[in-house]
Structure formats: C-alpha cells, structure tokens
Amino acid sequence: MGNNYSKKIKAEKTTKAAPNSRKARPGKESATIPWQRETEPDAPYHPSAKLATLKVTPRSVNQKMYLDAIDAHDMVFGIGPAGSGKTYLAVAKAVQWLAKKNNRLVLFRPAVEAGESLGFLPGSMQEKVDPYLRPIYDALYALMSAPLVDRYIEDGIIEVAALAFMRGRTLSNCFVLVDEAQNTTKEQMKMLLTRMGEGSKFVITGDDTQIDLRPKSNSGLVHAERVLEDVLKVHFQYFENEDIVRHPLVGEICEAYDRDADEEEG
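Treat the numbers as computed from the prediction; the structure is a model and nothing was measured.

## Focus on the pattern of salt bridges
Working step 1: Enumeration over the complete set of coordinates arrives at seven salt bridges.
Working step 2: Across the pair glutamate 159 and arginine 104 runs a salt bridge whose closest N-O atoms are separated by 3.6 Å. Of this pair, glutamate 159 sits in strand β3 (residues 158-162) while arginine 104 sits in strand β2 (residues 104-109); the two residues are 55 residues apart in sequence, bridging distant segments of the chain.
Working step 3: Residues aspartate 179 and arginine 109 are paired through a salt bridge, measuring 3.2 Å at the closest nitrogen-oxygen approach. Taken together, the positions of aspartate 179 in the loop between β4 (174-178) and α7 (186-193) and arginine 109 in strand β2 put the pair 70 residues apart, joining distant regions of the chain. Here aspartate 179 matches arginine 109 in class, with each residue buried.
Working step 4: A single network of salt bridges, built from pairs that share partners, joins Arg104, Glu159 and Arg169.

Structure, rendered in structure tokens:
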C-alpha cells in the first residue's frame, strides 16, 4: 500500500516539475519532426528514400536506351506507338528525380480531343483540364500511393497542368514531362522548349501516327524532329511495335494499321 502511494506522489511531482512537458504548456505547440506528416500537417513534405531507390526495369532494348538517354541528356524526345512505355517510364524517371533532388515535377499534356468534341466542360480550370491529364495521373498513382500524390500536388511539388499554362514561365530546377506532344502546334512546341531553365530536364513524348490536330502537318512534334535533328544535346528515342507492353493484341493492331497506311501511301 505504502509503496503504491509513494509511486503516485512521485508521478505527481514529475508532472508538476516538467516545465517543458505538453501538459505543463497547453497553449504551446509541441516540437515535431518535419517528415512526420501526422504531427505537422503544414510542413514541407519530401519524398522518402524508398522512392529514391525505385527500380524501373525496361522490357526491351529501346526502353533501356530511353532510360539511359534520360539520365544522360537534359532534353529527350520519346516517339513511338501507344503502349510502348514512353509515358510510364518517363514518369518513373521523374519520380526518381523528385526523390533524389527534392525539386519539382511539372507534367503537361495538350488539351486536344481525340477526334470528337466534348463541348463545354463545367468546373474550375483544373477540373476542365483534368480529363486530358488522366494518363499522367494513372502513371503517378501506379508508382506512388494516392495520398502521397495528392499531397505533392496540393503542396506544389507536383504540378499537373494543360500546356497553355506554360506561356511566360521559366522552368528551373525541375523535371518537365510533356505527354501527347504530337498534338502540340509548331508554336506551342517552340514555346515549350524555350521555357527550359537552369538545372531542369525535359522529356517530351508522343506518337506521330495519332495526331488529332487539323491539319496534321501543323504538329509541333513532327516539326521538332526535323528542326532539331542536328542539335547534338537533344536526344530522339524511337520505339517500335515490338516495344508495346500492353495486351499482345495491341501490337498486332498497330501493325495492321501501319500496313494499311503504307498501302494508302503506295
């Protein structure tokens, strides 16, 4: 009995004599660890070491060359058929960049409809462009947890926007990915490429057989292939139907359409 009473008295003295304890200072915010989001929701939140060691395994020679080119060059074009890994691999490299350098990701996609008009889209500007950016979101969610992606977007660490938002900006110290670049105009492509600031890496992906612009000859991607072919520090990586990693039938479908296009041209 006496022993229990002594413990109680000792505990009360410890509580009263602890001026730095949370109970003794109820009006003062407790110290927190910056990377513990639960205790400090407004603190900057940076990627974990787990993302920095994210492994990206290529499934073809062209995919391996593409990944190596992104590491070696500040500007890389990835051009090839749907499903060949252009966007997914670029997003994976962007996540690695984010984790290792603690900089930003800026992800763009031209807001061009694929052969049909969707008309007026309600909502805010972000809600209007979100449907066009869904493939990029899908890749991010496949590589990172949804809460983490949402937190990064909320904090501005990841910016996902329509290409039209780039005008007048200088993009420094960030990884910039432009998807579906075949649907940029010549003017948009020039505007995009000249946004590059110090310490940045640009990856531009597209499929020059799926141009939704009218006329198709106005494609900024096709124009950039011709204009920049002699610029040594710009790398062009091309993919073939053999690089497609979707359902095996997708490769056969692409080959069938390619044969039809060749017959029409012949």
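## Observations regarding the sheet that holds strand β1 (residues 75-79)
Strands belonging to one sheet form pairs held by backbone hydrogen bonds; the direction of such a pair is parallel or antiparallel.
Working step 1: Spatial ordering of the open sheet is given by β3-β2-β4-β5-β1-β6, a layout of six strands whose pairing is parallel. The sheet terminates laterally at β3 and β6 (234-238), the two strands that pair on one side only. When strand polarity is set aside, the average angle formed by the axes of neighbouring strands in this sheet is 15°.
Working step 2: Across five bridges, the pairing between β1 and strand β5 (residues 201-206) is parallel. Bridge assignment links isoleucine 79 to a residue of β5, and that residue is glycine 206.

## What about the layout of surface pockets?
Working step 1: Each pocket or cavity is described by its volume, and for the second largest pocket that value is around 590 Å³.
Working step 2: As for the second largest pocket, its lining consists of 22 residues, and the residues nearest its centre are Thr209, Cys254, Tyr257, Asp258 and Ala261.
Working step 3: A total of 10 residues in the lining of the second largest pocket trace back to one element, the largest contributor, which is helix α9 (residues 248-265).
Working step 4: Split by residue class, the lining of the second largest pocket holds eight nonpolar, four polar and 10 charged.

## Here's the deal with helix α8 (residues 220-227)
Working step 1: For α8, the full list of buried residues reads Gly220, Leu221, Ala224 and Glu225. For α8, the angular spread of buried residues about the axis comes to 140°, placing them on one side.
Working step 2: For α8, the secondary structure elements touched by its buried residues are β1, α7, β5 and β6.

## A word on the pairing of β2
Working step 1: Burial analysis of β2 places five of its six residues in the buried class, the great majority of the element.
Working step 2: Here five bridges tie β2 to β3, and the two strands are oriented parallel to one another. Opposite arginine 109, over in β3, you have alanine 162 as the bridge partner.

## So, the packing of helix α3 (residues 61-72) against helix α4 (residues 86-101)
Working step 1: Closest axis-to-axis distance for the α3/α4 pair is 11 Å, and the angle between their directions is 35°. Seen along the crossing, α3 lies across α4 with a hand that is right-handed. Where α3 approaches α4, its residues Gln63, Tyr66, Leu67, Ile70 and Asp71 are matched on the opposing element by Lys86, Leu89, Ala90 and Lys93.
Working step 2: Here the contact of α3 with α4 is composed, by residue class, of five nonpolar, one polar and three charged.

## Observations concerning the confidence of the model for the protein
Working step 1: Per-residue pLDDT for the protein has a mean of 77; in total, 71% of the residues score no lower than 70.
Working step 2: Within the protein, the element-level pLDDT minimum falls on helix α1 (residues 2-16), averaging 50, and the maximum on β1, averaging 98.
Working step 3: Scored below 50 in pLDDT, residues 13-45 shows 26 contacts in the model against residues more than four places distant or in partner chains.
Working step 4: Confidence drops under a pLDDT of 50 for residues 114-118, and excluding neighbours within four residues, the segment shows four contacts in the predicted structure.

## With respect to the side chain of lysine 201
Working step 1: Tracing the backbone through its elements, the reader meets lysine 201 in strand β5.
Working step 2: Here lysine 201 sits buried without a salt bridge, and the closest side chain of opposite charge, aspartate 74, lies 4.1 Å off (N-O distance).
Working step 3: One polar contact links the side chain of lysine 201 to the main-chain carbonyl oxygen of isoleucine 70, over a distance of 2.7 Å.
Working step 4: Within the structure, lysine 201 has its side chain in polar contact with the backbone oxygen of histidine 73 (distance 2.8 Å).
Working step 5: With residues near it in sequence (within four places) discarded, lysine 201 still touches Ile70, Asp71, His73, Asp74, Trp97, Cys174, Phe175, Val176 and Met196.

## Topic: unusual backbone geometry
Working step 1: Following arginine 214, the chain continues into proline 215 via a peptide bond in cis, with omega recorded as 0°.
Working step 2: Tracing the backbone shows proline 215 in the loop between β5 and α8.
Working step 3: Positive phi outside glycine occurs at asparagine 173, with the angle close to 50°.
Working step 4: Position of asparagine 173 relative to the elements: it lies in the loop between β3 and β4.
Working step 5: Asparagine 173 gets classed as partly exposed once you look at its relative accessible area, which sits at 42%.

Calculation criteria
- Residues numbered from 1 in each chain as written.
- Predicted model: local features only at pLDDT ≥ 70, side-chain atom pairs only at ≥ 80, totals over all residues.
- Heavy atoms only, no water.
- Salt bridge = Lys/Arg side-chain N within 4 Å of Asp/Glu carboxyl O.
- Helix = DSSP H or I, 4+ residues; strand = E, 2+ residues; numbered from the N terminus.
- Buried < 20%, exposed > 50% of the residue type's maximum accessible area, 1.4 Å probe, protein only.
- Pairing = 2+ DSSP bridges.
- Axes fitted to C-alpha atoms, helices over the stretch in contact; angles between N-to-C directions.
- 1 Å grid on protein atoms, 1.4 Å probe; cavity = no way out; pocket = protein on both sides within 12 Å on 5 of 7 lines; lining within 4 Å.
- Points joined across faces, edges and corners; volume = space filled by probe spheres on them.
- Nonpolar A, V, L, I, M, F, W, Y, C, P; charged D, E, K, R; others polar.
- Arc of directions from axis to C-beta.
- Contact = heavy atoms within 4.5 Å.
- Left-handed = near helix turned anticlockwise from the far one by under 90°.
- pLDDT = per-residue confidence, 0-100.
- Lys, Arg positive; Asp, Glu negative; His and termini not counted.
- Polar contact = N/O pair within 3.5 Å; in protein donor to acceptor, adjacent residues only side chain to side chain.

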